[in-house]
Amino acid sequence: MNRTGIGILLLASAALILLAAVYLNYDAIDEAYGAGPPYYSRSTNMDKWTNPLPVLFLGDVLVLFIVGLLIRTGMAKVKVHE
């Protein structure tokens, strides 16, 4: 595989990782703040509810760092050297 192919593969990987992170964030926030109380729509387990935002924030920072590195490396490989 040549440099351009590797670069495109890295850019596609970055896009897939970013889409996976967006889906996981949406799913976690929808479960926590969706319609009705969490945990099977009963209020008996409200004492076990936790805020998912701090953990999601840490995960998002890590994902953005990894995606940034993949995009930077992928763009460098796709760039045509003269």
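See the structure printed just above.
Residues numbered from 1 in each chain as written. Predicted model: local features only at pLDDT ≥ 70, side-chain atom pairs only at ≥ 80, totals over all residues. Heavy atoms only, no water.

Caption draft 1: Highlighting helix α1 (residues 3-33). An ideal rise of 1.5 Å per residue puts 45 Å on 31 residues; α1 measures up with 45 Å between its terminal C-alpha atoms. Among all positions of α1, only Gly7, Leu10, Ala14, Ala21, Asn25 and Ala32 are buried. Packing partners of the buried residues in α1 comprise α3 (53-78). (Helix = DSSP H or I, 4+ residues; strand = E, 2+ residues; numbered from the N terminus. Expected span 1.5 Å × (residues − 1). Buried < 20%, exposed > 50% of the residue type's maximum accessible area, 1.4 Å probe, protein only. Contact = heavy atoms within 4.5 Å.)

Caption draft 2: Representation of the packing of α1 against α3 in the model. Where α1 contacts α3, the axes come no closer than 8 Å and their chain directions differ by 165°. Relative to α3, the element α1 lies roughly antiparallel. Remark: the crossing between α1 and α3 carries left-handed chirality. Of the residues contributing to the contact of α1 with α3, the split by class is 22 nonpolar, six polar and three charged. (Axes fitted to C-alpha atoms, helices over the stretch in contact; angles between N-to-C directions. Parallel < 35°, antiparallel > 145°, perpendicular 65-115°, else oblique. Left-handed = near helix turned anticlockwise from the far one by under 90°. Nonpolar A, V, L, I, M, F, W, Y, C, P; charged D, E, K, R; others polar.)

Caption draft 3: Summary view of a nonpolar patch on the surface. Side chains of Ile17, Leu62, Phe65, Ile66 and Leu69 sit close together on the surface and give an oily, nonpolar patch of about 440 Å² of accessible area. Counting residues per element, the nonpolar patch draws most heavily on α3, which supplies four residues. Counting through the fold element by element, Phe65 comes out in helix α3. (Patch = residues over 30% accessible without salt bridge, like charges linked within 9 Å, V, L, I, M, F, W, Y side chains within 5 Å. Areas by Shrake-Rupley, 256 points an atom, 1.4 Å probe, with all protein chains shown as cover. Salt bridge = Lys/Arg side-chain N within 4 Å of Asp/Glu carboxyl O.)

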